[in-house]
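Coordinate inspection notes
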Amino acid sequence: MNINASIPDDNSTGVSNTISVSSNLRIEAVQIKISIDHTYAGDLGVELTSPSGMKSILMNINSNILEQNLNDALLLSNAFYGES
């Protein structure tokens, strides 16, 4: 699923999006691929939240990433292991 969203400046709420999976699967790992075009990509954070409320930070805010663009960066989390 492609999400095309603008990231607001000086807004701690950020951008949120929901992806629904209709299949009844057990999670081993979650991978997402992101592409970001932002003047200060290192100022951004990426957090994934499961339906149960479990959160996993995939990219920390102020991560000191110096590139302005992240193209097809692959992020992985095992925090949701065993969840539906």
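Structure's up top.
What this report covers is the structure whose coordinates are included nearby. Fair warning: this is a prediction, and the values are worked out from it, not measured in the lab. Within each chain, residue numbers correspond to sequence positions counted from 1 in written order. The predicted nature of this model means local features are confined to residues of pLDDT at least 70 and side-chain atom pairs, given and counted, to a pLDDT of 80 or more, with totals for whole chains, interfaces and linings taken over all residues. Side-chain measures here rest on the full set of heavy atoms in the structure, leaving out hydrogens and waters.

Topic: the side chain of Glu 83
With respect to the helices, strands and loops of the structure, Glu 83 is situated in the segment after strand S4 (69–77). Sequence-distant contacts of Glu 83, defined by excluding residues within four places in its chain, comprise Leu 25, Arg 26, Ile 27, Ser 50, Ser 52 and Met 54. For helices the rule is a DSSP run of H or I covering at least 4 residues; for strands it is a run of E covering at least 2, with both sets numbered from the N terminus onward. Throughout, a residue-residue contact means that at least one pair of heavy atoms, one from each residue, lies within 4.5 Å.

Some words on the side chain of Ser 77
By the element assignment, Ser 77 lies in strand S4. Of note is the side chain of Ser 77, whose polar atom sits 2.7 Å from the side chain of Ser 56. Residues in contact with Ser 77, not counting those within four places in the same chain, are Ala 29, Val 30, Ser 56 and Leu 58. Polar contact criterion, stated in full: a pair of N or O atoms within 3.5 Å, where within protein one must be able to donate a hydrogen and the other to accept it, and residues adjacent in sequence count only if both atoms are side-chain atoms.

Focus: the environment of Ser 56
Its place among the elements puts Ser 56 in strand S3 (residues 55–59). Assessed through its relative accessible area of 9%, Ser 56 is described here as buried. C-alpha separation for the pair Ser 56 and Leu 76, spaced 20 residues apart in sequence, amounts to 9.6 Å. In contact with Ser 56, other than residues within four places in its own chain, are Val 46, Glu 47, Leu 48, Ser 77, Ala 79 and Phe 80. Only protein chains enter the calculation, and the probe is 1.4 Å; a residue is then buried if its accessible area is under 20% of its type maximum, exposed if over 50%, and partly exposed in between.

Remarks on the pairing of S3
Pairing between two strands requires that DSSP report at least two bridges joining them. In the sheet, strand S2 (residues 46–49) pairs with S3 via four bridges, with the strands oriented antiparallel. The residue of S3 that forms the bridge with Thr 49 is Lys 55. Adjacent in sequence and paired antiparallel, S2 and S3 are bridged by five residues, among which Gly 53 carries a positive phi angle near 100°.

Some thoughts on a nonpolar patch on the surface
Residues Met 1, Ile 3, Ile 19, Val 21 and Leu 25 make up a contiguous nonpolar surface patch of about 540 Å² in total accessible area. Secondary-structure assignment places Leu 25 in the segment before strand S1 (30–37). Think of a patch as exposed residues, more than 30% relative accessible area, with no salt bridge, where like charges cluster within 9 Å and nonpolar side chains (Val, Leu, Ile, Met, Phe, Trp, Tyr) cluster within 5 Å. Values of accessible area rely on a 1.4 Å probe in the Shrake-Rupley scheme; residue burial ignores everything except the protein chains shown. We define a salt bridge as a side-chain nitrogen of Lys or Arg found within 4 Å of a carboxyl oxygen belonging to Asp or Glu.

Topic: the environment of Ala 41
By the element assignment, Ala 41 lies in the loop between S1 and S2. You can call Ala 41 buried: its relative accessible area is 1%. Separated by 18 residues in the primary sequence, Ala 41 and Ser 23 have C-alpha atoms spaced 33 Å apart.

Concerning the nonpolar core
Among the buried residues, those of types Ala, Val, Leu, Ile, Met, Phe, Trp, Tyr and Cys that are joined through side-chain atoms within 4.5 Å form a nonpolar core. Within the largest apolar cluster, nine residues are counted, these being Ile 34, Ile 36, Ala 41, Leu 44, Val 46, Leu 58, Met 59, Leu 70 and Leu 75. Looking at this core, the elements that each hand over two or more residues are S1, S3 and S4. The residues touching Leu 44, leaving out its near neighbours within four places in the chain, are Ile 7, Ile 36, His 38, Met 59, Asn 60, Ile 61 and Asn 62.

Re unusual backbone geometry
The phi torsion at Asp 72 lies on the positive side, around 55°, for a residue other than glycine. Along the chain, the position of Asp 72 falls in strand S4. Judged by its relative accessible area of 52%, Asp 72 is exposed.

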